[in-house]
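Per-entry structural report
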Amino acid sequence: MTRALAGHEVADRIRAARPGAVVDATAEAVTLDPAGLVDTMRFVRDDGELDAKFLNMLCGVDLLDRIEVVYHVTSLRLNHTFALKVRTDRDNPVVPSVTPVWWGSHLQERECYDLMG
């Protein structure tokens, strides 16, 4: 069975390598700073302890005061999974593309854009 990593555990690993990249962490997910999103995601993918080589799903969440993009990633080698997210303003909902990190995200990003507007 695939183990779910706690957000706090993932956040500690990211903070050690990329100070300022983590905005918030809960048991369920890590919220990242959108300014360095691509570099942080590249670290998450390439780090030996996180090894998030597989992007399972990318989705959008429409909240009252903001929009969030949630990334569910998995390490097939280490058999664990975790969630990362980034917040964006409702008036200007722009988030950097993670296609340079996970090529397969291009279709998921398009679908999220089409569904969220």
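Residues numbered from 1 in each chain as written. Predicted model: local features only at pLDDT ≥ 70, side-chain atom pairs only at ≥ 80, totals over all residues. Heavy atoms only, no water.

**What about the nonpolar core?**
Under the convention used in this document: To qualify as a nonpolar core, a set must consist of buried Ala, Val, Leu, Ile, Met, Phe, Trp, Tyr and Cys residues joined through side-chain atoms within 4.5 Å. Buried residues are those whose accessible area, probed at 1.4 Å on protein chains only, stays under 20% of the maximum for their type, while exposed residues exceed 50% and partly exposed ones sit between those limits. By definition, any uninterrupted DSSP run of H or I lasting at least four residues is a helix, any uninterrupted run of E lasting at least two residues is a strand, and each is numbered from the N terminus.
In terms of nonpolar packing, the biggest core is built from 28 residues, with Ile-14, Met-41, Tyr-71, Phe-82 and Leu-84 touching the most fellow members. At the level of secondary structure, the elements contributing two or more residues to this core comprise helix H1 (7–17), strand E2 (22–25), strand E3 (29–32), helix H2 (37–46), strand E4 (54–62), strand E5 (67–75) and strand E6 (80–88). By residue number, the principal contributor to this core is H2, which donates 5 residues.

**Focus: the environment of Asp-24**
Tracing the backbone through its elements, the reader meets Asp-24 in strand E2. Spatially, the C-alpha atoms of Asp-24 and His-8 are 8.9 Å apart, while their sequence positions differ by 16 residues.

**Some remarks on H1**
The cut-off we apply is this: By construction, the arc corresponds to the directions joining the helix axis to the C-beta atoms. Pairs of residues are marked as contacts when any of their non-hydrogen atoms sit within 4.5 Å.
Where H1 is concerned, the buried positions are Gly-7, Val-10, Ala-11 and Ile-14. Down the axis of H1, the buried side of the element spans an arc of 100 degrees, and every buried residue falls inside it. Looking at the buried residues of H1, the elements they touch are E2, E3, H2 and E6.

**What to know about the side chain of Asp-51**
What counts is decided by this rule: Definition of a polar contact: a pair of N or O atoms within 3.5 Å, with one able to donate and the other able to accept a hydrogen when the atoms are protein atoms, and with sequence-neighbouring residues admitted only if both atoms are side-chain atoms.
Structurally, Asp-51 is set in the loop between H2 and E4. A distance of 3.4 Å separates polar atoms of two side chains, one belonging to Asp-51 and the other to Arg-77. Apart from the residues within four sequence positions on either side, Asp-51 is in contact with Val-44, Arg-45, Thr-74, Ser-75, Arg-77 and Leu-78.

**So, H2**
Most of H2 is tucked away: 7 of the 10 residues are buried. Listed in full, the buried residues belonging to H2 are Leu-37, Val-38, Thr-40, Met-41, Phe-43, Val-44 and Arg-45. Against H1, E3, E5 and E6 lie the buried residues of H2.

**Some words on the layout of surface pockets**
For the record, the criterion: Any residue with an atom within 4 Å of a point lines the site, the site being either a cavity, points on a 1 Å grid over the protein atoms alone where a 1.4 Å probe fits but cannot get out, or a pocket, an open set with protein on both sides within 12 Å along at least 5 of 7 lines. Grid points are joined across faces, edges and corners, and a volume is the space filled by probe spheres set on the points. The nonpolar class holds Ala, Val, Leu, Ile, Met, Phe, Trp, Tyr, Cys and Pro. Asp, Glu, Lys and Arg form the charged class, and all remaining residues, Gly among them, are polar.
Computed from the structure, the largest pocket encloses a volume of approximately 360 Å³. Around the largest pocket sit 17 residues that line it, and Val-69, Pro-93, Val-95, Cys-112 and Tyr-113 are the ones nearest its centre. When contributions to the lining of the largest pocket are tallied by element, the ones reaching two or more residues are E4, E5 and helix H3 (105–116). Broken down by class, the residue content of the lining of the largest pocket amounts to 11 nonpolar, 3 polar and 3 charged.

**Some details on the pairing of E5**
Here is the rule: By the convention used here, strands pair only if DSSP detects at least 2 bridges between them.
Buried residues dominate E5, accounting for 8 of its 9 residues. The turn joining E4 and E5, which pair antiparallel and follow one another in sequence, is formed by 4 residues. Relative to E6, E5 runs antiparallel, the two sharing 9 bridges. Bridging across to E6, Val-73 finds its partner in Phe-82. Between E5 and E6, which follow one another and run antiparallel, lie 4 residues, and Asn-79 among them has a positive phi close to 55 degrees.

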